[in-house]
Amino acid sequence: MEKILLKNLNNPGGHTLDNYIAGGGYRAVKEALKLGHDHIIQMVKDSGLRGRGGAGFPTGLKWSFIPKEVYPKYLCCNADEGEPGTFKDRGIIEYDPHLLLEGMIIASYAIGAISAYIYIRGEFAFGAKRLWEAIKEAYEKGLLGKNILGSDFSIDIYVHRGFGAYICGEETALLESIEGFRGQPRKKPPFPAVWGLYGKPTVINNVETLSCIPSIILNGPKWFSSMGSEKSPGPKLYCVSGHVNRPGLYELPMGTPLREIVYNHAGGIKGGRNLKAVIPGGVTAPMLIEKELDVPMDFDSLAKIGSMLGSGGVVVMDDTTCMVKAAYIINRFFSHESCGKCTPCREGTHWMTEVLKRIEYGEGKPGDVELLEGVCANIFGRTFCPLGDGAVMALRGALKNFRDEFAYHVENKRCAARGGFGAIGVWE
Amino acid sequence: MLSEKVRGEIRGVLRNYKNLRSACMAALQIIQREAGHITEADMSDVASLLGVNPVQVEEVGAFYTMYNVRKPVGRHHIQVCTNLSCSLLGAGHIVNFIERLLKIKTGGTTQDKRFTLSTVECLGSCATAPMMQVDEDYYENLTEERINEILDGLK
Ligand SMILES: Cc1cc2nc3c(=O)[nH]c(=O)nc-3n(C[C@H](O)[C@H](O)[C@H](O)COP(=O)(O)O)c2cc1C
Ligand code: SF4
Ligand code: FES
């Protein structure tokens, strides 16, 4: 497949404006300015593009919720990319920042926004620098600012750096953070389309989502929807890490089978060992086992088997992996990132981590596995935002397939996988 | 007291936002970049620049984990990712190795104030695990040898 999102991945200097324009860049903006707002929104609807930030919400539909008569409106690009196992947005930002800017200009025009923000996680200092440089170049060429390309449309794009809070990837926490508050989620409804940044209509889209827009404008919705799965068309970035021979970022048609991603593209399991489990969409997504590997990697197919596409972060674990340790590390992440707003998540994730830690360290008590299941049941469905539920989904995914291993740890004070439970820091 | 340079930079970001308070995160980032950490006095200076209560600045400083509030760090801040993908490929060994090399525990600072060592959650560089961030830079595909080289180069 021709690369759409990663065409500049191996092109040194591809991130500069000159190279981007030489490759046909910013033609889509010119085209879009001729088409008009409603036409663009219809094209994005017809393309079938669904949000790549995790939830898979139809992008054109989201844009159409923006009320016409309220001003100002905002576009926010979600570049918080904190889901462990995920590094796709970083790839676009570092290698092709103008692709994102072009998508943002078109999206802003379509929804009638004249200010847009890129919320980038603080750790991506290099990415922020790339964006600042790209934005500066775009202003100099009249692609940003007042009356872009001589049209009556004006748009400013600003970079807002996060500073270490996974929860700011949740769209309403992201808005709080831009406004200068702690990044804690807001109650929904009202949804951001009605009451978003500074209380004004706001669209929040992921980096990868927005980067699909220029090619939809240029090649048409039919072209886009002919790629990938019927119900989730288009190209998709898959991030593969863990025990594989060729970890990396792969652009493939949405719905590529997980087996093909792991064995063909990522080169199979390292050292010729066997696969034990794969997380398909960032650590929140419940893990899968060998017999589930033929699943097409799209929103609906993964949901059908009880997992999710999430961020497209594929983490591969071979047969030497201790599942208790994996579950402990994942859960420790959630308790660290719990924003503290609601009790089930704040207290529950900490408790889960404590219990997992003692099981991992060979200090588990009889009944600990049941205790974990009980805590899960008390968190699930009772949290203010999806983070708490996500922690439960991840742990349930591990327990569903590897409950015996947890029980073995508790009973024998050591690991079935490696014959020794080991302290943190001694993985092998 | 904030330097004129820092004040100027903070004033520069104010126009990115609809209200002053929105510049709070950026203001603290500018201060930390210059000084390595953020003091009580910095926070009240930011508060008066932005016309908010100092506790509102403090709140932001405390919530976001990258701010070193009232917590001086060494000249170089080593942050090793210990999330899943990195741990699968030996992040634990990397942490242990650096602890032994610098004779400090995670969270500690060397006596000469050259290095502080922390562990952090996923840094979005999982395909090049194990990895760490030192100050603003990423160092990937770490081995003991590479770490020796990298740390030797940071004075
Ligand atoms: C805890 C949590 C973390 C999230 N992190 C991210 C993130 O890092 N990046 C992202 O694009 N979306 C993230 N999301 C999803 C956003 O809330 C939102 O759905 C998305 O940015 C919408 O963009 P899209 O429609 O283009 O997918 C997160 C959601 C939750 C609940
Ligand atoms: S579920 Fe967790 S992260 Fe979400 S609001 Fe509650 S405490 Fe915060
Ligand atoms: S797990 Fe270490 S960078 Fe993602």
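All values reported here derive from a predicted model rather than from experimental measurement. (Residues numbered from 1 in each chain as written. Chains lettered and ligands numbered in written order. Predicted model: local features only at pLDDT ≥ 70, side-chain atom pairs only at ≥ 80, totals over all residues. Heavy atoms only, no water.)

Peer 1: Would you mind showing me how to read the pairing of strand E4 (residues 202-206) of chain A here?
Peer 2: Consecutive side chains along a regular strand alternate between the two faces of the sheet. Residues and elements named next belong to chain A. Among the five residues in E4, five count as buried, and that is most of the element. Judged by which residues are buried, E4 turns out to be covered on both faces: Thr202, Ile204 and Asn206 on one side and Val203 and Asn205 on the other are all buried. Looking at chain direction, strand E1 (residues 74-79) and E4 are connected through five bridges and run parallel. Bridge pairing in E4 links Asn78 to Asn206. (Buried < 20%, exposed > 50% of the residue type's maximum accessible area, 1.4 Å probe, protein only. Helix = DSSP H or I, 4+ residues; strand = E, 2+ residues; numbered from the N terminus. Pairing = 2+ DSSP bridges.)

Peer 1: Could you clarify how one ought to interpret the site of ligand 2 in this entry?
Peer 2: Around ligand 2, a shell composed of 13 residues is seen, among which Cys339(A), Lys341(A), Cys342(A), Cys345(A) and Cys385(A) lie nearest. Looking at side-chain class alone, the shell around ligand 2 contains eight nonpolar, four polar and one charged residues. (Near = heavy atom within 4 Å. Nonpolar A, V, L, I, M, F, W, Y, C, P; charged D, E, K, R; others polar.)

Peer 1: Would you take a moment to explain the domain arrangement of chain B for this structure?
Peer 2: Interfaces are often described in size by the accessible area the parts lose on coming together. Domain boundaries assigned for chain B yield domain 1 (4-63) and domain 2 (76-152). Of note, the centres of domain 1 of chain B and domain 2 of chain B, computed from C-alpha atoms alone, are 29 Å apart. (Domains from an automatic or database assignment.)

Peer 1: I'm lost on the site of ligand 1 in this one. Help?
Peer 2: Residue and element names in this part refer to chain A. Close to ligand 1 lie 17 residues, the nearest being Gly53, Lys62, Asn78, Asn206 and Thr209. Between ligand 1 and the protein, one listed contact pairs a nitrogen atom with a backbone N or O atom of Gly169 at 3.2 Å. Here an oxygen atom of ligand 1 sits 3.5 Å away from a polar atom, N or O, in the main chain of Ile204. In isolation ligand 1 offers 610 Å² of accessible surface; the protein chains occlude 88% of this area. Element by element, the count of residues in the shell around ligand 1 is highest for E4, at three residues. Grouping the constituent residues of the shell around ligand 1 by class yields three nonpolar, eight polar and six charged. (Polar contact = N/O pair within 3.5 Å; in protein donor to acceptor, adjacent residues only side chain to side chain. Areas by Shrake-Rupley, 256 points an atom, 1.4 Å probe, with all protein chains shown as cover.)

Peer 1: What is the right way to look at the confidence of the model for chain B in this model?
Peer 2: Segments scoring low in pLDDT should not have their predicted coordinates read at a detailed level. On average, residues of chain B carry a pLDDT of 97, and 100% of them reach 70 or more. ipTM for the predicted complex: 0.98, alongside a pTM of 0.97. (pLDDT = per-residue confidence, 0-100.)

Peer 1: Explanation requested: the sheet that holds strand E3 (residues 132-134) of chain B in the structure shown.
Peer 2: Strand pairing in a sheet relies on backbone hydrogen bonds, with the paired strands running either antiparallel or parallel. Residues and elements named next belong to chain B. Judged by pairing direction, the sheet is mixed, and its four strands sit side by side in the order E2-E1-E3-E4 without closing on themselves. This sheet does not close on itself; its edge strands, each paired only once, are strand E2 (115-120) and strand E4 (137-139). Between one strand axis and the next, the sheet turns through 25° on average, direction left out of account. With six bridges connecting them, strand E1 (residues 76-81) and E2 associate as parallel partners. What sits directly across from Gln79, in E2, is Ser118. Strands in contact with helix H7 (residues 144-152) are E1, E2, E3 and E4; relative to E3, the strand with the most contacts, it is inclined by about 10°. (Axes fitted to C-alpha atoms, helices over the stretch in contact; angles between N-to-C directions. Contact = heavy atoms within 4.5 Å.)

Peer 1: Sorry if this is basic, but what is going on with the domain arrangement of chain A here?
Peer 2: All names here are of chain A. As assigned here, chain A comprises domain 1 (17-225), domain 2 (235-318) and domain 3 (323-412). Using C-alpha coordinates to define each centre, domain 1 is positioned 27 Å away from domain 2. Between domain 1 and domain 2, the residue contacts involve 18 residues of the former and 20 residues of the latter. Across the interface of domain 1 and domain 2, roughly 1,400 Å² is buried in total on both sides, 62% from carbon and sulfur atoms. (Buried area = accessible area lost by both parts, 1.4 Å probe.)

Peer 1: In this structure, what is going on with unusual backbone geometry? I would like to understand it.
Peer 2: Glycine aside, negative phi is the norm for most residues, and most peptide bonds take the trans geometry. Residue Lys188(A) is joined to Pro189(A) through a cis peptide bond whose omega torsion reads -10°. Its location among the elements puts Pro189(A) in the loop between helix H8 (171-178) and E4. Geometrically, the link from Ala129(B) to Pro130(B) is a cis peptide bond, its omega value of -5° lying close to zero. Position of Pro130(B) among the secondary structure elements: in the loop between E2 and E3.

Peer 1: I tried to follow the sheet that holds E4(A) on my own but got confused; where do I start?
Peer 2: All names here are of chain A. Pairing is parallel in the open sheet, where four strands are placed in the order E3-E2-E1-E4. Strand pairing shows two members of the sheet lacking a second neighbour, strand E3 (156-161) and E4, which therefore form its edges. Strand-to-strand twist in this sheet, taken as the mean axis angle between neighbours without regard to direction, amounts to 20°.

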